[in-house]
Amino acid sequence: MSEKKETNEMLFREASLDVAGMKEGSRECELAFASEQPVTRMDYGDGSQYQEVLSCNPADVDLSRLNNGHPLLVNHDTRDQIGVVKSARIDGDKKARAVVKFSRSNRGNEILQDVQDGIRTLVSVGYRVGREVKREQRDGMDYRTFAWTPHEVSIRSEEHTS
């Protein structure tokens, strides 16, 4: 397997936000922010496409940033903090999950209400890939699985592109 050094390039992935389990009156919400679902990426070295897989083996994910009271953002904007990541983990179903808490600020209240009302339905993670842990061919496509570090979790609007 090749070794890939962690790059400075921030990458993004989105998932649907499910707040069905959110308790009435609670400012905390559990959300899934990543899985091993492949995403098509470009290899700028040779111009080919491949399927990027984020390993959800706990040994391959550095959750230290998120587990250190990291901000919950809107649309990946570091100036638009609406809460905090209270904890992050990798579960047995190979999904990365976080418990987030929304701020009592006007902006935090606004976004929390939109989430509860089903207006904002996307969560996104900003991350950097590290070493390649596996490479394989499936159905004629190159699949590359990477260790990775999530850098931030955002509530996303539908029109925002990442």
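Residues numbered from 1 in each chain as written. Predicted model: local features only at pLDDT ≥ 70, side-chain atom pairs only at ≥ 80, totals over all residues. Heavy atoms only, no water.

### A closer look at the overall build of the protein
A tally of regular secondary structure across the protein gives 1 helix and 9 strands. The proportion of buried residues among the 162 residues of the protein is 45%. Once local pairs closer than 6 in sequence are excluded, the contacts in the protein between residues at least 24 apart make up 66%. In the form shown here, the protein has an accessible surface area of approximately 8700 Å², with 43% of it arising from carbon and sulfur atoms. (Helix = DSSP H or I, 4+ residues; strand = E, 2+ residues; numbered from the N terminus. Buried < 20%, exposed > 50% of the residue type's maximum accessible area, 1.4 Å probe, protein only. Contact = heavy atoms within 4.5 Å. Areas by Shrake-Rupley, 256 points an atom, 1.4 Å probe, with all protein chains shown as cover.)

### Let's talk about the nonpolar core
Membership of the largest hydrophobic core comes to 34 residues, with the highest contact counts inside it found for Leu31, Phe33, Val100, Phe102, Trp148, Val153 and Ile155. Contributions of two or more residues to this core are made by strand 2 (28-35), strand 4 (49-54), strand 5 (71-74), strand 6 (77-90), strand 7 (95-102), helix 1 (106-116), strand 8 (122-138) and strand 9 (141-156). The contact partners of Val153, leaving out residues within four places of it in the chain, are Leu31, Phe33, Leu66, Pro71, Leu72, Leu73, Val85, Val123 and Ser124. (Core = buried A, V, L, I, M, F, W, Y, C linked by side-chain atoms within 4.5 Å.)

### Structural notes on the environment of Asp80
Residue placement: Asp80 occurs in strand 6. On a C-alpha basis, the gap between Asp80 and Gly108 in space is 9.4 Å, while along the polypeptide they are 28 residues apart. Discounting residues that sit within four places of it in the chain, Asp80 has contacts with Leu72, Leu73, Val74 and Arg107. Within the structure, the side chain of Asp80 is placed 2.7 Å from the side chain of Arg107, a separation counted as a polar contact. (Polar contact = N/O pair within 3.5 Å; in protein donor to acceptor, adjacent residues only side chain to side chain.)

### Regarding the environment of Asn68
Its location among the elements puts Asn68 in the loop between strand 4 and strand 5. Once the C-alpha coordinates of Asn68 and Ser87 are considered, the two residues, 19 residues apart in sequence, prove to be 7.9 Å apart.

### A closer look at the confidence of the model for the protein
The predicted coordinates of low-pLDDT regions are not to be read in fine detail. Here the protein averages 88 in pLDDT, and 89% of its residues register 70 or above. In this model, residues 1-6 is a region of pLDDT below 50 whose contacts with residues beyond four sequence positions or in other chains number 18 contacts. (pLDDT = per-residue confidence, 0-100.)

### Regarding the pairing of strand 5
On any regular strand, side chains alternate: one points to one face of the sheet, the next to the other face. Bridge count between strand 5 and strand 6: 4 bridges; the pairing is antiparallel. Each bridged residue has a counterpart across the sheet, and for Leu73 the counterpart in strand 6 is Gln81. Adjacent in sequence and paired antiparallel, strand 5 and strand 6 are bridged by 2 residues, among which Asn75 carries a positive phi angle near 50°. Of the strand pairs in this sheet, strand 5 and strand 9 are connected by 3 bridges, and their pairing is parallel. Its bridge partner being in strand 9, Leu72 is matched across the sheet by Val153. (Pairing = 2+ DSSP bridges.)

### Some details on unusual backbone geometry
At Asn75, a residue that is not glycine, the phi angle is positive and equals roughly 50°. Position of Asn75 relative to the elements: it lies in the loop between strand 5 and strand 6. One non-glycine residue with positive phi stands out, namely His76, at about 65°. Take His76: it is sitting in the loop between strand 5 and strand 6.

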